[in-house]
Amino acid sequence: MVVSVTVDVNTVRLGDQLMVGGQVFTVSDMTALARGARRLDFGSGESFTMGPATVLYALRREPVRRPVVGEFRRRGPGPGGGSRFRGGF
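Residues numbered from 1 in each chain as written. Predicted model: local features only at pLDDT ≥ 70, side-chain atom pairs only at ≥ 80, totals over all residues. Heavy atoms only, no water.

## Describing the packing of aromatic side chains
This structure, assessed with the given rule, holds one aromatic pair. Between Phe25 and Phe42 the ring centres are 4.8 Å apart and the planes differ by 25°, which places this aromatic pair in the stacked class. With Phe25 in strand 3 (residues 23-32) and Phe42 in strand 4 (residues 38-42), the pair connects residues that are 17 residues apart, well separated along the chain. (Phe/Tyr/Trp six-rings, centres within 6.5 Å; stacked < 30°, edge-to-face > 60°. Helix = DSSP H or I, 4+ residues; strand = E, 2+ residues; numbered from the N terminus.)

## Section: the environment of Leu14
With respect to the element layout, Leu14 can be found in the loop between strand 1 (2-7) and strand 2 (17-20). Excluding anything up to four places from it in sequence, Leu14 contacts Val27, Ser28, Asp29 and Met30. (Contact = heavy atoms within 4.5 Å.)

## Here we look at the pattern of salt bridges
Within the structure shown, the criterion is met by three salt bridges. Among the salt bridges present, the one from Arg13 reaches Glu62, with a minimum N-O distance of 3.8 Å. Taken together, the residues Arg13 in the loop between strand 1 and strand 2 and Glu62 in the segment after strand 6 (56-61) connect sequence positions 49 residues apart. When its relative accessible area of 45% is taken as the criterion, Arg13 is described as partly exposed. With its nearest N and O atoms 2.8 Å apart, the salt bridge here joins Asp16 to Arg60. Linking Asp16 in the loop between strand 1 and strand 2 with Arg60 in strand 6, this pair joins segments that are 44 residues apart in sequence. Residue Asp16 is classed as buried on the basis of its relative accessible area, which comes to 1%. Note on Arg60: relative accessible area 10%, which makes it buried. (Salt bridge = Lys/Arg side-chain N within 4 Å of Asp/Glu carboxyl O. Buried < 20%, exposed > 50% of the residue type's maximum accessible area, 1.4 Å probe, protein only.)

Taken by themselves, the reported measurements are silent on function.
So, in structure tokens, the structure goes:
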């Protein structure tokens, strides 16, 4: 699943697709710089220095959450049929 998130220098991840100058770039490497900045290297060979106050929009792939076996229980009459209620209803 792909979700839209806002990222800053502390939350950007490898693989994020960032919108910079109207173009989409995929982050392939990051390097910490002085004063809390980061240099982002993109798969296209270009780089971008992201300062600590910079906020960008990104697309991020998140794994699809699958239900754990037994997480959802069947409701209603059991295999034998009949009413769920006791006492003659």
